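# A look at the structure
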Amino acid sequence: MPDTRDQPPAEATLDFLRSAFPPEWREPALGHEAVAEWERENRVVLPEPYRTFIAEISNGSGLGPAGDGGLQPLGWLPDTWPDLGPRQPGEPFPLGAAWPWEDDESVDPEDPRIDAAFSNGSIVLGSEDGQSFWLLLTTGPRRGEVWMIADVGAVPAPGDQAWGFEEWVQRWHSGNDWWD
């Protein structure tokens with residue numbers, strides 16, 4: 001089965017994303033050339049349909065699924081993002097499953113996997129309640145999934161069968177609670 005995370009999105013997907021983000025709330029789209037340049041610099045190809053969304057529709061929005069400040073532009077970080085050094089979206093995302101490290105008695109608070117979960121293999125879509133952040137995974141077997149990360153752990157949203165970017169936006173746009 002081909003990996004649809006690298007196939008151009010269907011027109012119906014793009015129509016939905018356009019309708020979810022009204023023009024007056026959109027930041028200017030980057031264009032395909034600027035997206036490709038960002039990808040070269042960061043050694044990663046962004047998953048679809050997010051890639052086409054930021055190239056053709058909007059590079060961020062004050063309105064959006066992330067509760068605090070909307071959808072972040074590509075490469076931007078929320079004001080409350082922890083200062084852990086440079087982000088590396090092209091490096092492997094270190095987790096394959098949810099990891100509530102707060103509850104893992106074997107984990108040292110300085111475990112390097114925690115910083116790697118914040119820094120590697122993802123872009124930050126936005127924040128929720130100040131200290132929780134929505135990530136779109138850019139590398140690894142879970143590439144294209146939306147996860148939530150906070151100081152207590154990281155989990156696919158809404159569970160092991162995680163949403164992709166389109167499903168995440170659909171959930172927000174429908175007005176349903178995230179975890180129902």
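Summary of the structure given here. Because the structure is a prediction, the values reported are computed rather than measured. (Residues numbered from 1 in each chain as written. Predicted model: local features only at pLDDT ≥ 70, side-chain atom pairs only at ≥ 80, totals over all residues. Heavy atoms only, no water.)

### Description of the packing of helix H1 (residues 11-20) against helix H5 (residues 165-174)
Heads up, the condition is: Axes here mean lines fitted to C-alpha atoms, for a helix over just the part in contact, with angles spanning 0 to 180 degrees between N-to-C directions. Comment: elements are numbered from the N terminus, with helices defined as DSSP H or I runs of at least four residues and strands as E runs of at least two. Each angle gets one of four labels, with under 35 degrees taken as roughly parallel, over 145 as roughly antiparallel, 65 to 115 as roughly perpendicular, and the rest as oblique. Note on convention: the crossing is left-handed when the near helix lies turned anticlockwise from the far helix by less than a right angle, right-handed when the turn is clockwise. Any pair of residues with heavy atoms lying within 4.5 Å of one another is described as a contacting pair.
Taken N-terminus to C-terminus, the directions of H1 and H5 make an angle of 40°; their axes are 11 Å apart at the nearest point. Here H1 lies oblique to H5, going by the angle between them. Seen along the crossing, H1 lies across H5 with a hand that is left-handed. From H1, Thr 13, Phe 16, Leu 17, Ser 19 and Ala 20 reach across to H5, where they touch Phe 165, Glu 166, Val 169, Gln 170, Trp 172 and His 173.

### So, the packing of H1 against helix H3 (residues 50-57)
When two helices pack together, you describe them by how their axes are tilted relative to each other and by the distance separating the axes. Filter applied, for reference: In this count, Pro and Cys sit with the nonpolar residues alongside Ala, Val, Leu, Ile, Met, Phe, Trp and Tyr, while Asp, Glu, Lys and Arg are called charged and the others, Gly among them, polar.
The N-to-C vectors of H1 and H3 enclose an angle of 60°; their axes lie 11 Å apart at closest approach. One element, H1, and the other, H3, form an angle in the oblique class. For the element pair H1 and H3, the recorded crossing hand is right-handed. Residues Leu 14, Leu 17 and Arg 18 of H1 touch H3, and the partners they reach there are Thr 52, Phe 53, Glu 56 and Ile 57. Looking at side-chain class alone, the contact of H1 with H3 contains four nonpolar, one polar and two charged residues.

### What to know about the sheet that holds strand S4 (residues 153-156)
Test applied: A pair of strands is labelled paired if DSSP reports no fewer than 2 bridges between them.
Strand order in the open sheet formed by four strands is S1-S2-S3-S4, with antiparallel pairing between adjacent strands. One side of each edge strand has no neighbouring strand; the edge strands of this open sheet are strand S1 (122-128) and S4. Averaged over all pairs of adjacent strands, the angle between their axes in this sheet comes to 25°, without regard to strand direction. Across six bridges, the pairing between S1 and strand S2 (residues 132-137) is antiparallel. Its bridge partner lying in S2, Ser 127 is registered against Phe 133.

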